[in-house]
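Breakdown of the fold
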Amino acid sequence: MTKRLLALLAIATLGTALVEASCTGGKVGGDSDSDGDSDSDTDSDTDSDSDSDTDSDSDSDTDSDTDTDTDSDSDSDTDSDTDTGPDTGPEPDWDVVLCGEGATMADCSMFGCGDPPPSIEVDMTIPDLGDDMKVVTLTLDVTDRSGITATPFEDIEGTLTRGGTTVPFYNNYNSQTGPTTFSIANTWAIPHFWGTSTAGTYTLYFEDSAHSGALAGIPFELVEWCLTFEDPSITAAPTTSGSWSATQTGTIDDYDTEYGEQTSVYEMRITAVVDRDYANPTLNLSVSHPSPTDITIELVAADGTAHTVKNTGDPIPSAYSITGLSSTWLTGAYKLVITDYTAGGEGTLSAWSISL
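The rules behind each value
- The residue count restarts for each chain, going from 1 along the sequence in the order it is written.
- The model is predicted, so local features are restricted to residues of pLDDT at least 70 and side-chain atom pairs to those at 80 or more, both for listing and for counting; the totals for chains, interfaces and linings are taken over all residues.
- Here the side-chain values reflect all heavy atoms present in the structure, with hydrogen atoms and water set aside.
- We count a stretch as a helix when DSSP gives it H or I for four or more residues in a row; a strand needs E for two or more, and each element gets its number in order from the N terminus.
- Categorising residues by exposure relies on relative accessible area from a 1.4 Å probe, with only protein chains included: less than 20% of the type maximum marks a residue as buried, more than 50% marks it as exposed, and the intermediate range marks it as partly exposed.
- Only heavy atoms matter for contacts: two residues are in contact if any of them lie within 4.5 Å across the pair.
- The protein chains shown are the only cover counted for residues, whose accessible areas, like all others here, come from Shrake-Rupley with a 1.4 Å probe.
- Disulfides are defined in this document as cysteine sulfur pairs within 2.5 Å.
- In short, DSSP must find at least two bridges between two strands for them to pair.
- Per residue, pLDDT captures the predictor's confidence, and it can take any value from 0 to 100.
- Fitting a line to C-alpha atoms yields each axis, with helices limited to the stretch in contact; the angle taken between N-to-C directions then spans 0 to 180 degrees.
- We define a nonpolar core as any set of buried Ala, Val, Leu, Ile, Met, Phe, Trp, Tyr and Cys residues linked to one another through side-chain atoms lying within 4.5 Å.

So, about the overall build of the protein. Scanning the protein for helices and strands turns up 1 helix and 20 strands. Of all 356 residues assigned to the protein, the portion counted as buried reaches 35%. The contacts of the protein with a sequence gap of at least 6 include a subset with a gap of at least 24, amounting to 78%. Carbon and sulfur atoms make up 48% of the accessible area of the protein, which totals about 20,700 Å².

In structure tokens, the structure reads:
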């Protein structure tokens, strides 16, 4: 009886365990080896391995590769090449001052100047600054002749050349600026290249024609020379008429019985830009002399040409037509030379002028 109760109890207990196991899903492996060796191996291998492999690896790749390339290569080339017309080149560089180096010229010796005579020649090559040149201004830096042994620059001739045009601007002028000082005028307006390009080689040339002063002679020293190309837009048109009066007047020296004939020289400059347009200008004179037939009168024009105004024996003219000029330009320096060949008293040059 007891054994039967125990067996029933064991069955009830096992049933309860099975019920619990089925509810919890657990694995029951009760090795309850009871004493009667009733090895009721209830190894009910209820493999409830609910391997419900809920792979929630929902590969929702949120790496939203929205390649918003903000490198907006919008090549907005603002280099707006607005074609404003044909290229006329750079603006002309007017009023620029271009200078060249100087040189020293030896004086003629006491025994003569030789052949060829002493001279200096310096060049300056100028680019094309503009095609409508009007006036070029030549500026000279020449050492003065001063002191008790100083002599005039009457032995010097100077020219400026470009291409086939030579401008003889300095023609043996006295150039006295003080009791014992002689100075070459340092500024010369030259319109002779009017209406052309500035481009070319400009050659400055000086030549000596006589011995000066002391035994050793006096050299001619050109320190520097410069060219200034004036702005044509502000350059006035050339003057074609007018009258230009000299300031140098005075006594006409009489013949000297010891030294012979005496020469009196008077100079003037026309600084205005004057174009005679191939008309002949007039030399106007006011001269008095006790013996008019004793003297000769010569005019050296700005272009270097010499004109005989009066020979000995002739009356003194009050006006003289200047013909045979080599240039249409009257701008430059003039020299009136009066020589007395016979004793008879001094004369007077009261006035002289050039008119067009």
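That covers the picture; the talk isn't over yet.
Before going further, it helps to examine the state of the cysteines. Under the counting rule described, the total for this entry stands at 2 disulfides. Note on cysteine connectivity: Cys99 is disulfide-linked to Cys226, with sulfurs 2.0 Å apart. On the sign convention where negative means left-handed, the S-S torsion of about 105° between Cys99 and Cys226 marks this disulfide as right-handed. A residue pair is termed long-range when its members are at least 10 positions apart, and Cys99 in strand β1 (residues 97–105) and Cys226 in strand β11 (residues 220–229) qualify at 127 residues. With cysteine numbering restricted to those in disulfides and following the sequence, the protein has the pairing 1-4, 2-3.

Attention now moves to the sheet that holds strand β4 (residues 145–146). With antiparallel pairing, the 3 strands of this open sheet are ordered in space as β4-β8-β7. Each end of this open sheet is capped by a strand with a single partner; those strands are β4 and β7 (176–178). In the sheet, β7 pairs with strand β8 (residues 181–182) via 2 bridges, with the strands oriented antiparallel. Across the sheet, residue Gln176 finds its bridge partner in β8, namely Phe182.

The next subject is the pairing of strand β19 (residues 332–340). The buried fraction of β19 is high, at 9 of 9 residues. Examined bridge by bridge, strand β14 (residues 262–270) and β19 share 9 bridges and lie antiparallel to one another. Following the sheet pairing, Arg269 is matched in β19 by Ala333.

Right, let's get into the confidence of the model for the protein. When pLDDT is averaged along the protein, the result is 80, and 73% of the positions lie at 70 or above. Per-residue pLDDT stays below 50 along residues 1–90; that stretch engages in 10 contacts with residues further than four places along the chain or on separate chains.

Let us look at the sheet that holds strand β16 (residues 295–300). The sheet built from 4 strands is open, its strands ordered β14-β19-β16-β17 with antiparallel pairing. Lying at the two open borders of the sheet, with one neighbouring strand each, are β14 and β17 (306–310). The mean inter-strand angle of the sheet, taken between neighbouring strand axes irrespective of direction, is 20°. Looking at chain direction, β16 and β17 are connected through 4 bridges and run antiparallel. If you follow Leu299 over to β17, its bridge partner there is His307.

If you look at soluble globular proteins, the nonpolar side chains tend to sit buried side by side. Judged by nonpolar contacts, the single largest core of 35 residues is most densely connected at Leu140, Leu204, Phe206, Phe220, Leu222, Trp225 and Leu227. Contributions of two or more residues to this core are made by β2 (119–126), β3 (136–142), β5 (156–162), β6 (165–171), β9 (187–190), β10 (200–208) and β11. Ignoring any residue separated from it by four or fewer positions in sequence, one finds Phe220 in contact with Ala103, Thr104, Met105, Ile120, Val142, Phe153, Ile156, Ile184 and Phe206. Counting residues in hydrophobic clusters, the runner-up holds 26 residues, among them Ala246, Leu285, Val287 and Val309.

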